[in-house]
Each structure stands twice: as structure tokens, then as C-alpha cells.
Amino acid sequence: RKNVSKIPTGGEEFDELLDGGIETQTITELYGEYGSGKTQIAHQLAVNVQLPEEEGGLDSSAIYIDTENSFRPERIKQMAEGVGIDEEEALDNIFVARAYNSNHQMLLVEKAQELAKEQEEEEEGKQVKLLVIDSLTSHFRAEYVGRGALAERQQKLNKHLHEAIKFTNLFNAAALVTNQVQSNPDAFFGDPTRPIGGNILGHMATFRLYLRKSKGEKRIARLVDSPCLPEGEGVFTINKEGIRD
Ligand code: ATP
Ligand code: MG
């Protein structure tokens, strides 16, 4: 893999855990329970990817596939202010698409390739270096219910992730996907802290981060199964300005 770059999260300890941030040509999976910070981190990375290279960014834009209607322009503005970039410009550099169901979501990743290609050809537009899918699994989980649907769900998710990997390779971009943990302890996998999607997702998400709440605004990120970095934990906080130490 050549020319890999990183997008910083905004938390120093968090970035140390990731040796600088999330990587291009790679899928990073954030999993954790509700309120653990998955969507906040996704917003922050969509802002940070825009930062000039001197400030650790990639001077690029982001595509944000939103499946739970949790994208908040106001939040982007706060975070843009937090890193000192123009709020309206920050919003203009995030292409948000709402996915209405899992098929639509899959289609949007293909459309994302077209959009990123257009941005590449356009002189003024910033190149797309981040693809967010928040959440990767919510539609799949709602639509493919029960053991009988599990195989098909995994097959579709598999295909979906392959498209995302293709995107990261074509554009030297990072992909960030979010995933809830099994909230039902009697669910398929038995372990309530296991992410939805089981093994197939595990093989394809190169970096997996398990997020959990700690005291107050504190959160803990644990790096799980990384191919090249040591396992470990980092503390971060969610503030008005965004993700910080
Ligand atoms: P879900 O699984 O429900 O999608 P999530 O992991 O995506 O959850 P987030 O939406 O990222 O969770 O995190 C929500 C938390 O972020 C809130 O509970 C709050 O603690 C914090 N938060 C959100 N906005 C702000 C803000 N402006 N200032 C400070 N903290 C905030
Ligand atoms: Mg969320």
C-alpha cells in the first residue's frame, strides 16, 4: 500500500492509539452502544479531513451516508469553529446523502464513486478523501430479521463493504463505518459487547475501535484486532468544540 495518509480525530490520546488518525485505503469500524460517540467522531473526521496538510488534514472533502438521520449541520458548524475553518465552507465540503433502506445505502456507495470521480476532474472542487457510513448496519438489522435471514444479510453486507473498500483504493480515501453492539444478550452471538455483523465484518474492517462511555463526557476507545498497531486504549472527550483529549 502506497501513499497512505491519516485523518486525525482531534483527540491526542485517541490519535496516538491510531498512530496519527484513521488511515486511507482502509475501513475503520467504530462500534459501541448508543451515545458512545460514533456519530460525533464521524462528524469530527468529516471536518478534520478538510484541514490543510500543515494542520494534519488532507485538504479534502467527505461523503457522509446517513442512515439514522443523525447528521447535524449545526454540529459541523461548531466543530468547524473549533478547528478554525469557515463554517459554511465546512458544510459545503461534506456531501450528505440520506439512505432510506439497505438497497439504497448500497447504491449510494456506488454513487459515491461517481461523485468522487467528478470531484477529481473538477479543478476547484476538493477531492473526496473520506467516506462515512453511519450506521453501516441499522437498515440491514431492521430488514433482515431472524436466523433465516442471517446468511442473506451477511452476503449483502459483504458486498456493501467490498464496494467501500473499492472506494478507498480508487481514491486513496478512508472509510469510516459505525456499528451498534448487540443490545440483546440473547441475540445470535450471545455476547452483548459484540458488534453486529459477526465475522465477515471483522475480516474487512481493518481497524476496529470499541467505544464505551466513562465518567462525565469521557469516553474510552479500545483498538481491537489491528493488523499493525498494538492493542490499547485511549481516553477522549466530546465537547462543544468536538472530539478532544
Ligand atoms: P447511537 O448508537 O445512538 O447512534 P452514537 O455512538 O452515535 O450513538 P453519539 O451521537 O456520537 O453516539 O454521541 C452522543 C453524545 O455526544 C451525547 O450523549 C453527548 O454526550 C455528546 N454530545 C453531542 N453533542 C454534543 C455537544 N454539542 N457538546 C457536548 N457533547 C455533545
Ligand atoms: Mg449515532
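Procedures and definitions
Residues numbered from 1 in each chain as written. Chains lettered and ligands numbered in written order. Predicted model: local features only at pLDDT ≥ 70, side-chain atom pairs only at ≥ 80, totals over all residues. Heavy atoms only, no water. Near = heavy atom within 4 Å. Polar contact = N/O pair within 3.5 Å; in protein donor to acceptor, adjacent residues only side chain to side chain. Areas by Shrake-Rupley, 256 points an atom, 1.4 Å probe, with all protein chains shown as cover. Helix = DSSP H or I, 4+ residues; strand = E, 2+ residues; numbered from the N terminus. Axes fitted to C-alpha atoms, helices over the stretch in contact; angles between N-to-C directions. Parallel < 35°, antiparallel > 145°, perpendicular 65-115°, else oblique. Left-handed = near helix turned anticlockwise from the far one by under 90°. Contact = heavy atoms within 4.5 Å. Nonpolar A, V, L, I, M, F, W, Y, C, P; charged D, E, K, R; others polar. Buried < 20%, exposed > 50% of the residue type's maximum accessible area, 1.4 Å probe, protein only.

J.: Where do I start with the site of ligand 1 in this structure?
T.: If you check the shell around ligand 1, you find 16 residues, and the closest are Gly35, Lys38, Thr39, Gln40 and Gln180. Here an oxygen atom of ligand 1 sits 2.8 Å away from a polar atom, N or O, in the main chain of Gly35. Relative to its unbound accessible surface of 660 Å², ligand 1 loses 65% to contact with the protein. Mapped onto the shell around ligand 1, the elements with two or more residues apiece are α2 (38-48), α3 (73-83) and β10 (232-239).

J.: How should the packing of helix α5 (residues 102-121) against helix α7 (residues 150-170) be read in this particular structure?
T.: The geometry of a pair of packed helices is captured by two quantities: the angle between their axes and the separation between those axes. α7 packs onto α5 with a crossing angle of 10° between their chain directions and a minimal axis gap of 10 Å. Compared by their axis directions, α5 and α7 come out roughly parallel. In this structure, α5 crosses over α7, and the sense of that crossing is left-handed. For the pair α5 and α7, the contacting residues are Asn103, Gln105, Met106, Val109, Glu110, Ala112, Gln113 and Ala116 in the first and Lys156, Lys159, His160, Glu163, Ala164, Lys166, Phe167 and Leu170 in the second. In terms of residue class, the contact of α5 with α7 is made up of 7 nonpolar, 4 polar and 5 charged.

J.: Could you clarify how one ought to interpret α3 in this entry?
T.: Spacing of three or four residues puts side chains on the same side of an α-helix, whose turn is 3.6 residues. Within the sequence span of α3, burial applies to Arg75, Ile76, Lys77, Met79 and Ala80. Structurally, α3 contributes buried residues whose contacts are with α2, α4 (87-92), β5 (94-98), β10 and β11 (242-244). The positive-phi residue at the C-terminal boundary of α3 is Gly84, with phi of around 75°.

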